[in-house]
Amino acid sequence: MNDGLQKQPAFFELLKVIFCKIEDEHNISKDLEFFTTSEERSNPDGQLTVKKRIGKIFEDVKRKYGKIFDSNDEIKLSPRSLAYIVSELQKYSLLKTNIDIKGKAYEEIVGANLRGDRGEFFTPRNIMKMTVEMINPKVNEKVLDSSCGTGGFLVTAMTHAMKQLENDFSKQVGCAKEKWDNSTYGLFHSNVSEMAAHNYFGFDINPDLVKATKMNMVMNNDGSGNILQTNSLLPPHEWTDEFRTKLAETLGVKKEEIRNHKTLEFFDVIVTNPPFGSKIPVKDKNILEQFELAHIWECDKKNNVWTMTDRLQSSVPPEILFIERCTQLLVPGGRMGIVLPDSILGSPGLGYIREWLIHNHRIVASIDLHADTFQPRNGTQTSVLFLQKKTQEQKDKEEKSGTMADYNIFMAMVEKIGHDKRGTPIFKRDKEGNEILIPEKNNVYVLDETSTGDRTVAHERKTKIEDDQTPDVPEIFAQWKKQEGLSW
């Protein structure tokens, strides 16, 4: 059903149709236009009627999302293919579908169509969920992913904040979400859209991924406005005028204030998985000059103290620069969850990075991930590091006293990740080695009666449980955080 299109163009055609479906659902006051009857679907004239009807919705989509679609864009699918896709999608409400399900479906489609040809690999959903729950972004906080890929971290963070907003909203209207009427839903979604428009930001160098992220955010209640294409490691004065204008406008600052790497403290929370690897080093002197971690550091082996020199390294892996760029982008007291290769945390030659991290942050937590986390596409051993940026006052106090503040660090190892190195799901087993089955949520026995008067009951459906420890970590971390007096 791809009309002979290549993978990527076919993917974007499908997303145009999905946007039409969402736009139609948004128009609560009007009759639904996104549909096909069985009669229309089965003959060429009817298929053409469907194409015209959906084309009309797409005109509204283009007006609304001018940053995603060009004004001369059109749906290129044949009437027959379009009628089939519409018939499949019309059964569902995308706005009311659980965001986790939508996100998973979207990333499966994206993974199959954008990832393979470019060598990109994305963070598994369970890792994103764990990271976001631990970093706990609030409704009014500004959240950034500086290497946003397809937007998984941003959608997960927005979903987390939406749950808080939903709780607040339910208290205000006096009933749970399931009992809201259409006007209440509309009001809630406008609140969500406002939150998304002001508080969620994503940067990526890849224009196709920027487009994919915008679409992902729109599908999950419209946060497409602040997904911007840029090389976020560039000196800010080299960022395009369009990028700086849009960023300044949304942040409520003057464009002239975004001058250099010292004037970027805008975000409360950063969640990110930066590109990493020695095969893609950064060698541009203009970029390297912005970063202390791009300098050569010398180690006094007797006292195990690192000192930064004036000399720059000739090339630096991007993940090292991204650590510092993310720190530059955080407000004092802001926090970040960042996926990093384990070499940064353990390699003796990179001790200067750890010294720099301790000097500039409170190291809150380090979660060691299983070796198969990014398999089957990547075997790099990684951890998620949680950092809180020190204020200048805190740094000055430590400088004056000559001692670092003493604090505990939360550490955990995720030994079960829910899949093996081939990506095949692994399920929990009992002592005898049998897979454990539990009743599906909200499952009930269905009582019925046959024509002869016999009563019947449907068997209870059961499901397997993935052997995954990531959902346990945020709960344990929340208890630890309370003991440590961390209020976020």
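Fair warning: this is a prediction, and the values are worked out from it, not measured in the lab.

Visitor: An account of the overall build of the chain is needed here, citing residue identities and associated values.
Guide: Helix and strand content of the chain: 16 helices and 14 strands. Residues counted as buried form 47% of the 488 residues belonging to the chain. Nonlocal contacts in the chain, meaning residues at least 24 apart in sequence, comprise 73% of its contacts between residues at least 6 apart.

Visitor: Please give an account of the packing of aromatic side chains that cites residues and values.
Guide: Applying the stated criterion across every chain yields a total of 19 aromatic pairs. Taken together, a centroid distance of 5.3 Å and an interplanar angle of 85° make the contact between phenylalanine 19 and phenylalanine 69 edge-to-face. With phenylalanine 19 in helix α1 (residues 7–26) and phenylalanine 69 in the loop between α3 (44–64) and α4 (79–89), this pair connects stretches of sequence that are 50 residues apart. Of the two residues examined, phenylalanine 19 and phenylalanine 69, each falls in the buried class. What links up through ring pairs into an aromatic cluster is the set Phe201, Phe203, Trp239, Phe243, Phe266 and Phe267. A cation sits over an aromatic face here: arginine 53 above phenylalanine 35, 3.9 Å from the ring centre. The lysine or arginine in question, lysine 211, covers the ring of phenylalanine 12, its NZ or CZ lying 5.0 Å from the ring centre.

Visitor: Which residues make up the pattern of salt bridges, and what values do they have?
Guide: Overall, the coordinates contain 20 salt bridges when judged by the stated rule. Taking the shortest distance from any N to any O, the salt bridge between arginine 63 and aspartate 60 comes out at 2.5 Å. One end of the pair is arginine 63 and the other is aspartate 60, both in helix α3 and 3 residues apart, which spans about a single turn. On the basis of relative accessible area, arginine 63 is assigned to the exposed category, the value being 60%. Aspartate 60 gets classed as partly exposed once you look at its relative accessible area, which sits at 30%. The partner of glutamate 166 in a salt bridge is lysine 177, with the nearest N and O atoms 3.7 Å apart. With glutamate 166 in helix α7 (residues 152–173) and lysine 177 in the loop between α7 and α8 (182–199), this pair connects stretches of sequence that are 11 residues apart. In this structure, a network of salt bridges that share partners links the residues Glu13, Lys16 and Asp73.

Visitor: Before we move on, could you go through the sheet that holds strand β7 (residues 330–341) and cite the residues and values that matter?
Guide: The strands that make up a sheet are held in pairs by hydrogen bonds between backbone atoms, and each pair lies either parallel or antiparallel. Pairing in this open sheet of 8 strands is mixed, and the strands run β3-β2-β1-β4-β7-β9-β8-β10 from one edge to the other. A strand with exactly one partner marks an edge of an open sheet, and here the two such strands are β3 (227–229) and β10 (410–413). Averaged over all pairs of adjacent strands, the angle between strand axes in this sheet comes to 15°, irrespective of strand direction. Direction of pairing for β7 relative to strand β9 (residues 382–389): antiparallel, over a ladder of 7 bridges. Across the sheet, proline 341 pairs through a bridge with threonine 382, a residue of β9. Docked against the sheet, α7 engages β1 (143–145), β2 (200–204), β3, β4 (267–272) and β7, running at close to 175° with respect to β2.

Visitor: Tell me about α4, and name the residues and values.
Guide: Of the residues making up α4, those classed as buried are Ser81, Leu82, Ala83, Ile85, Val86, Ser87 and Leu89. Here the buried face of α4 lies against α1, α2 (38–41) and α3.

Visitor: Report on the pairing of β7, specifying residues and quantitative values.
Guide: Each regular strand carries side chains that alternate between the two faces of the sheet. Of all 12 residues in β7, 10 are buried, a share of seventy percent or more. As paired elements, β4 and β7 share 5 bridges and run parallel to each other. Its bridge partner lying in β7, isoleucine 270 is registered against methionine 336.

Visitor: Would you mind going over helix α10 (residues 241–251) in detail, with residue names and values included?
Guide: Among all positions in α10, only Phe243, Arg244, Leu247, Ala248, Thr250 and Leu251 are buried. Buried residues of α10, seen end-on, are gathered within an arc of 165° and therefore sit on one face of the element. For α10, exposure combined with an orientation more than 90 degrees from the buried face picks out Glu242 and Glu249. For α10, the elements touching its buried residues are α8, β2, β3 and β4. Count one or two residues on from α10 and you reach glycine 252, which has phi positive near 75°.

Visitor: Before we move on, could you go through the side chain of asparagine 199 and cite the residues and values that matter?
Guide: Note that asparagine 199 resides in helix α8. Filtering out sequence-adjacent residues up to four positions away, asparagine 199 remains in contact with Val139, Asn140, Glu141, Lys142 and Val143.

Visitor: Outline the packing of α7 against α8, supporting the account with residue identities and numerical values.
Guide: Across the interface, α7 lies against α8 with an axial gap of 11 Å and an inter-helix angle of 140°. On the basis of the axis angle, α7 is oblique to α8. Classified by chirality, the crossing of α8 by α7 is right-handed. Taking contact as the criterion, the partners of Met158, Ala161, Met162, Leu165, Glu166, Phe169 and Val173 in α7 are, on α8, Thr184, Leu187, Phe188, Asn191, Val192, Met195 and Ala196.

Visitor: Tell me about the packing of helix α12 (residues 318–329) against helix α14 (residues 351–360), residues and numbers included.
Guide: Axis separation between α12 and α14 bottoms out at 12 Å; the angle between their running directions is 10°. When the axes of α12 and α14 are compared, the pair comes out roughly parallel. Across the interface between the two elements, Ile320, Ile323, Glu324 and Thr327 from α12 touch Tyr352, Ile353, Trp356 and Leu357 from α14. Of the residues contributing to the contact of α12 with α14, the split by class is 6 nonpolar, 1 polar and 1 charged.

Visitor: Outline the confidence of the model for the chain, supporting the account with residue identities and numerical values.
Guide: Overall, the predicted model of the chain reaches an average pLDDT of 87, with 88% of residues at or above 70. Considering each helix and strand of the chain separately, the mean pLDDT is smallest for helix α5 (residues 99–118), with a value of 57, and largest for β4, with 98.

Visitor: Kindly report on the environment of methionine 411, identifying the contributing residues and their values.
Guide: Assignment of secondary structure puts methionine 411 in strand β10. Note on methionine 411: relative accessible area 63%, which makes it exposed. It is 5.0 Å that separates the C-alpha atoms of methionine 411 and serine 366, two residues lying 45 residues apart in sequence.

Calculation notes
- Residues numbered from 1 in each chain as written.
- Predicted model: local features only at pLDDT ≥ 70, side-chain atom pairs only at ≥ 80, totals over all residues.
- Heavy atoms only, no water.
- Helix = DSSP H or I, 4+ residues; strand = E, 2+ residues; numbered from the N terminus.
- Buried < 20%, exposed > 50% of the residue type's maximum accessible area, 1.4 Å probe, protein only.
- Contact = heavy atoms within 4.5 Å.
- Phe/Tyr/Trp six-rings, centres within 6.5 Å; stacked < 30°, edge-to-face > 60°.
- Lys NZ or Arg CZ within 6 Å of the ring centre and 35° of its normal.
- Salt bridge = Lys/Arg side-chain N within 4 Å of Asp/Glu carboxyl O.
- Pairing = 2+ DSSP bridges.
- Axes fitted to C-alpha atoms, helices over the stretch in contact; angles between N-to-C directions.
- Arc of directions from axis to C-beta.
- Parallel < 35°, antiparallel > 145°, perpendicular 65-115°, else oblique.
- Left-handed = near helix turned anticlockwise from the far one by under 90°.
- Nonpolar A, V, L, I, M, F, W, Y, C, P; charged D, E, K, R; others polar.
- pLDDT = per-residue confidence, 0-100.

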